[in-house]
Structures are given as structure tokens and as C-alpha cells.
Amino acid sequence: NMDLGIDEQVQSWVKCVQGSTLKGDNVLPCKCSKHSYPQANFLLENDGQKYIIDPLIDLVGDLKDLPRLVEMTGFGYGRPILPKGRDSSMNLLKIEKFPRDKTLLSDETLQRICDFVILDYYFFDYKPPEICRDQIEADIASIEKVSLE
């Protein structure tokens, strides 16, 4: 809705996406909401009682190590192997409609996003916004401490 400011549009979308995870992906106006789901969701499988990491996925390393590992196999990581996919980073219409400036978002909106995608901050090397960074770093330290004991 173009009558709403950016912050209100993002809040509305997050609420809609959170609702669609419960109702299914084709609930309007959140059609295609899967694109906004936390990436960690796609690693999980419901065994009927709880969510577990899909047993067919073998987590063997950290994505930040990927360039070095690919180089060790003889493939140049910096060289494109396949043609570049759809790159919208220079699409002026998308830049105007979907600004990347986080200062346009309120702390409440950023916190709502953090809460929704929190698993991504635990599983992947994503840098969380300042508003939730201390809590996520404390959570990760607590998880690592339990893992080592």
C-alpha cells in the first residue's frame, strides 16, 4: 500500500508473513511469502513432535570458510562458473520501491524482524541490526557454552 510509509509497509509485511507461516503460503496479500521466511526454516523438518535439522543435511562447516574450501578444490571462487542470475541491485524501480536504508525503519520494526529471523542469526554468519545484536550475541555465547560442556 503506497499510502503507508516504508516502516509501516515493512511492519505490515512482517505481520502478514508471520501469519502465513501458520496458514500456508498462498494467503493473500502474502502470496509468495516463502521468500521472506528465515533461511534456517529450510534446514528444518518436522518429525511430528518437534522440529529437527533435516537428517539428510550434513552441516560440516561455516559458510564464511567456503571461498577458501572452493579454492582448495581447484575451482576459482572469484570466477563466475555460471552466468549471473537475475541481479536487481541496479534496477531503479526496485531500488525506489524497496530501499535498503535501515534508518527508514523504527527500532520496533527492526526488533520484530530480528525476532522473526532469529534462527538465521544463530545458524549463519549474518550481522544482526544494532537493536538486537547484544541479545543475539549473548544467546550465541550461551549456546556455545552449553555445546562445549
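Treat the numbers as computed from the prediction; the structure is a model and nothing was measured. (Residues numbered from 1 in each chain as written. Predicted model: local features only at pLDDT ≥ 70, side-chain atom pairs only at ≥ 80, totals over all residues. Heavy atoms only, no water.)

Enquirer: I would appreciate a short explanation of the overall build of the chain in the present structure.
Expert: Across its full length, the chain carries six helices and two strands. Across the chain, helices and strands are ordered from the amino to the carboxyl terminus as α-β-β-α-α-α-α-α. Taking all 149 residues of the chain together, the buried fraction comes to 20%. Within the chain, contacts between residues at least 6 apart in sequence are counted, and of these 39% link residues at least 24 apart. Here the chain displays about 11,900 Å² of accessible surface, and carbon together with sulfur accounts for 57% of that area. (Helix = DSSP H or I, 4+ residues; strand = E, 2+ residues; numbered from the N terminus. Buried < 20%, exposed > 50% of the residue type's maximum accessible area, 1.4 Å probe, protein only. Contact = heavy atoms within 4.5 Å. Areas by Shrake-Rupley, 256 points an atom, 1.4 Å probe, with all protein chains shown as cover.)

Enquirer: So what exactly am I meant to see when it comes to a nonpolar patch on the surface here?
Expert: A contiguous nonpolar patch, built from Ile53, Leu119 and Phe123 and spanning about 200 Å² of accessible area, is present on the exposed surface. Judged by its relative accessible area of 32%, Phe123 is partly exposed. (Patch = residues over 30% accessible without salt bridge, like charges linked within 9 Å, V, L, I, M, F, W, Y side chains within 5 Å. Salt bridge = Lys/Arg side-chain N within 4 Å of Asp/Glu carboxyl O.)

Enquirer: Even after reading the chapter, I still don't get the packing of aromatic side chains, so can you show me in this structure?
Expert: Tallied over the entire structure, the rule returns three aromatic pairs. Each ring, one from Tyr37 and one from Phe42, has its centre 6.5 Å from the other, and the planes form 20°; the classification is stacked. Phe42 sits in the partly exposed class, given a relative accessible area of 47%. Residues Phe123 and Phe124 carry aromatic rings whose centres are separated by 6.2 Å and whose planes lie at 45° to one another, so their mutual orientation is tilted. Grouping aromatic residues by their ring pairs yields a cluster made of Phe123, Phe124 and Tyr126. (Phe/Tyr/Trp six-rings, centres within 6.5 Å; stacked < 30°, edge-to-face > 60°.)

Enquirer: Where do I start with the pattern of salt bridges in this structure?
Expert: For side chains of opposite charge, pairing can occur when their charged atoms come near one another. For the structure on display, the rule yields one salt bridge. The closest approach of N and O atoms between Arg133 and Glu130, which form a salt bridge, is 2.6 Å. Of this pair, Arg133 and Glu130 both sit in helix α6 (residues 130-148), three residues apart, which is roughly one turn of that helix.

Enquirer: Just checking my understanding: could you explain the confidence of the model for the chain for this structure?
Expert: Detailed reading of the predicted model is not advised wherever pLDDT is low. Overall, the prediction assigns the chain a mean pLDDT of 79, with 77% of residues at 70 or greater. Averaged pLDDT values for the elements of the chain fall to 77 in helix α2 (residues 66-72) and rise to 94 in helix α4 (residues 107-116). (pLDDT = per-residue confidence, 0-100.)

Enquirer: In this structure, what is going on with the state of the cysteines? I would like to understand it.
Expert: The final tally for this structure, using the stated rule, is one disulfide. Two residues share a disulfide in this structure: Cys114 and Cys132, whose sulfurs sit 1.9 Å from each other. Between Cys114 and Cys132, the disulfide has an S-S torsion of -40° and is therefore left-handed. Pair noted here: Cys114 is in helix α4 and Cys132 is in helix α6, with a separation of 18 residues, a long-range link. (Disulfide = S-S within 2.5 Å.)

Enquirer: Looking at this model, I keep getting lost on the side chain of Asp7. Mind explaining?
Expert: For Asp7, the location among the structural elements is in helix α1 (residues 6-23). Ignoring any residue separated from it by four or fewer positions in sequence, one finds Asp7 in contact with Leu104, Leu105, Ser106 and Thr109.

Enquirer: Would you explain α4 in this entry?
Expert: In an α-helix there are 3.6 residues to a turn, and that puts residues three or four apart on one side. Taken together, the buried positions of α4 are occupied by Thr109, Leu110, Cys114 and Phe116. Buried positions in α4, seen along its axis, are confined to an arc of 165° and lie on one side of it. (Arc of directions from axis to C-beta.)

Enquirer: I keep staring at the environment of Leu104 and nothing clicks. Help me out?
Expert: Examined against the element boundaries, Leu104 turns out to sit in the loop between α3 (92-97) and α4. Setting aside chain neighbours within four positions, we find Leu104 in contact with Ile6, Asp7 and Pro99.

Enquirer: Looking at this structure, I do not really get the side chain of Thr109. What am I missing?
Expert: Note on placement: Thr109 falls in helix α4. The exposure class of Thr109 is buried, given its relative accessible area of 1%. Each residue touching Thr109, except ones within four places of it in the same chain, is listed here: Asp7, Val10 and Gln11.

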